[in-house]
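# Observations on chain architecture
Given next are the chains, with one letter for each unit.
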Amino acid sequence: MTMPTILLIGASRGLGHAMAAEFLKKGWNVVGTVRGGGRTKLHELADACAGRVEIETLDIREPDQIAALRDRLAGRVFDMLFVNAGVTNNPSETIGDVTTDEFVRVMVTNALSPMRVIESLQPLVAATGIIGVMSSGQGSIANNTMGLREVYRGSKAALNMFMRSFAARAGAQHPMVVMAPGWVRTDMGGPEGRLSIDESIPNLVNVLLAKQGKPGLEYLDYLGNAVPW
Ligand SMILES: NC(=O)c1ccc[n+]([C@@H]2O[C@H](COP(=O)([O-])OP(=O)(O)OC[C@H]3O[C@@H](n4cnc5c(N)ncnc54)[C@H](OP(=O)(O)O)[C@@H]3O)[C@@H](O)[C@H]2O)c1
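Residues numbered from 1 in each chain as written. Predicted model: local features only at pLDDT ≥ 70, side-chain atom pairs only at ≥ 80, totals over all residues. Heavy atoms only, no water.

## Focus on the overall build of the protein chain
- Broken down by element type, the protein chain carries six helices and seven strands.
- Taken against the 2.2 N^0.38 rule, which gives 17 Å for 229 residues, the C-alpha radius of gyration of the protein chain at 17 Å falls within 12% of a compact globule.
- Overall, the protein chain is about 55 × 40 × 35 Å in size when its C-alpha atoms are taken along their principal axes.
- Taken over 229 residues, the protein chain has a buried fraction of 49%.
- Within the protein chain, counting contacts between residues at least 6 apart in sequence, those at least 24 apart form 68% of the total.
- Across the protein chain, the mean location of the 22 positive side-chain charges is 4 Å away from that of the 22 negative side-chain charges. (Helix = DSSP H or I, 4+ residues; strand = E, 2+ residues; numbered from the N terminus. Rg over C-alpha atoms; globule rule 2.2 N^0.38 Å. Buried < 20%, exposed > 50% of the residue type's maximum accessible area, 1.4 Å probe, protein only. Contact = heavy atoms within 4.5 Å. Lys, Arg positive; Asp, Glu negative; His and termini not counted. Charge placed at Lys NZ, Arg CZ, Asp CG, Glu CD.)

## Some points on the packing of helix α4 (residues 100–121) against helix α5 (residues 150–170)
- Closest axis-to-axis distance for the α4/α5 pair is 9 Å, and the angle between their directions is 20°. If you check the angle between α4 and α5, you find them roughly parallel. Between α4 and α5 lies a crossing of right-handed hand. Along the contact surface, α4 presents Phe 103, Val 106, Met 107, Asn 110, Ala 111, Pro 114, Met 115, Ile 118 and Glu 119, while α5 presents Val 151, Tyr 152, Gly 154, Ser 155, Lys 156, Ala 158, Leu 159, Phe 162, Met 163, Phe 166 and Arg 169.
- Tallied by class, the residues present in the contact of α4 with α5 amount to 14 nonpolar, three polar and three charged. (Axes fitted to C-alpha atoms, helices over the stretch in contact; angles between N-to-C directions. Parallel < 35°, antiparallel > 145°, perpendicular 65-115°, else oblique. Left-handed = near helix turned anticlockwise from the far one by under 90°. Nonpolar A, V, L, I, M, F, W, Y, C, P; charged D, E, K, R; others polar.)

## Focus on the pattern of salt bridges
- Under the counting rule described, the total for this entry stands at nine salt bridges.
- Across the salt bridge formed by Arg 70 and Asp 71, the nearest N and O atoms sit 3.9 Å from each other.
- By relative accessible area, Arg 70 is classed as partly exposed at 34%.
- On the basis of relative accessibility, which here comes to 54%, the residue Asp 71 falls in the exposed class. (Salt bridge = Lys/Arg side-chain N within 4 Å of Asp/Glu carboxyl O.)

## So, the packing of aromatic side chains
- Going through the model one piece at a time under the given rule, you end up with two aromatic pairs.
- Centroid distance Phe 23 to Trp 28: 5.1 Å. Interplanar angle 65°. Geometry classified as edge-to-face. Take Phe 23 and Trp 28: they sit in the same class, and that class is buried.
- Between the aromatic rings of Tyr 219 and Trp 229, the centroid separation amounts to 5.0 Å while the plane-to-plane angle is 45°, which identifies the pairing as tilted. A residue pair is termed long-range when its members are at least 10 positions apart, and Tyr 219 in strand β7 (residues 216–221) and Trp 229 in the segment after β7 qualify at 10 residues.
- Judged by its relative accessible area of 2%, Tyr 219 is buried.
- For Trp 229, a relative accessible area of 32% corresponds to the partly exposed category.
- The positively charged end of Arg 164 is found above the aromatic ring belonging to Trp 229, 4.6 Å away from the centroid. (Phe/Tyr/Trp six-rings, centres within 6.5 Å; stacked < 30°, edge-to-face > 60°. Lys NZ or Arg CZ within 6 Å of the ring centre and 35° of its normal.)

Take it as geometry only, folks, not as evidence of what the structure does.
Following this line, the structure appears as structure tokens:
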């Protein structure tokens, strides 16, 4: 029997690396992307799981690299495409403070680039395969009563909106998700995060596996609860 395969964008460290490890535990094979030529935690995973992890390179901000990856993977069929890559900025910076360059960096990385990846690579996804992105609870407009992290919130809310447009246009045949992993202790989440990676990612992967066979777009947290848009 052929094992299912996930194409996981942004798997060098943090939540993306943990997702790769968890999918391997579930018996999936992983094609994971990293930036640049350096050795990452994904390379360690590949060494430990001979033949089950393929490593590709992609900076999601570079359209030429997205096109090159699509060409290299032509003919492959993936059971899931998940874009995890993302960045943050200084969380206390308000929309009034942020420089245009910094605003553009966060919006292009978190909102435009994941959608470019999905638009370009979705022909490689099986008809019933899942298309997902790592959003954030901070992307919920309805839940934003606290403020803070204004630019990051805006980028994830924009990502959510672009996924809704994509789902409306592409038709709802694929199961699609925008995921909120919780506040997790990673390089991005910092040491104060509420959850360890082990408290978030195995649950999040179970939510993705449970979404199989359920077409249409949902905004879900790591426990499978619907997040208000
Ligand atoms: N941690 C949290 O509490 C939390 C909460 C909600 C949502 N999220 C979201 O979860 C995702 C992963 O977060 P994390 O906590 O694991 O962050 P992280 O530890 O900072 O890791 C970020 C990942 O994104 C990759 N990346 C960043 N820019 C990229 C680009 N231009 N092209 C390709 N890859 C790029 C990084 O690759 P390099 O190693 O090459 O830099 C790394 O693999 C992000 O989308 C984040 O917004 C995190």
